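Read off the chains here:
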Amino acid sequence: MATNEKHTNETAFASGRETAERGEIITLTDDRGNDIDFEFLDLIEYSSNSYAVLIPTDEAADQVLIFKDNTFSPVEDPDLAQAIFDLFRIKNEEYFDFT
């Protein structure tokens, strides 16, 4: 889905030297060249990798998307995505209503 991250801290964020703040808007470009704004929710460490949990800023968005943070490639393995989301949910239960 997303290929390029246009955030001003692209290199630092993608390399893990700096993380975005919760609520920060990150713009990614899809395969068709469309820019899509996402709200950064968290960075989750799982199995020696870091994953960015994002949600589209579109009001109709009802699910998060998970990207490997150094490549911003979407996580397509449903089992891996679920494991990362479970960690995100545990870590953020005081901030979000997951019901």
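It should be emphasised that the depicted structure is a prediction, and the values quoted were computed from it without experimental measurement. Residue numbers here run from 1 along each chain, matching the order of that chain's written sequence. Reporting of local features is limited, given that this is a predicted model, to residues whose pLDDT is at least 70; pairs of side-chain atoms are given and counted only at 80 or more, and all residues count toward the totals for whole chains, interfaces and linings. To obtain the side-chain values, all non-hydrogen atoms of the structure were included, while hydrogens and water were left out.

Novice: I tried to follow the environment of threonine 57 on my own but got confused; where do I start?
Specialist: The helix count covers DSSP runs of H or I at least four residues long, the strand count covers runs of E at least two residues long, and both are numbered beginning at the N terminus. Relative to the helices and strands, threonine 57 resides in the loop between β4 (49-56) and β5 (65-68). Per-residue accessibility, obtained with a 1.4 Å probe over protein chains only, is compared with the maximum for each type, and a residue is labelled buried under 20%, exposed over 50%, and partly exposed between these values. Assessed through its relative accessible area of 41%, threonine 57 is described here as partly exposed. When the C-alpha atoms of threonine 57 and isoleucine 26 are compared, they prove to be 9.6 Å apart, with 31 residues separating the residues in sequence.

Novice: So what exactly am I meant to see when it comes to unusual backbone geometry here?
Specialist: With phi around 65°, serine 48 is a residue other than glycine that occupies positive phi space. With respect to the element layout, serine 48 can be found in the loop between β3 (35-46) and β4. Take serine 48: its relative accessible area is 78%, and that puts it in the exposed class. Even without a glycine there, the phi angle at phenylalanine 72 is positive, about 50°. The topology assignment puts phenylalanine 72 in the loop between β5 and β6 (73-74).

Limitation: the analysis is restricted to geometry and does not speak to function.
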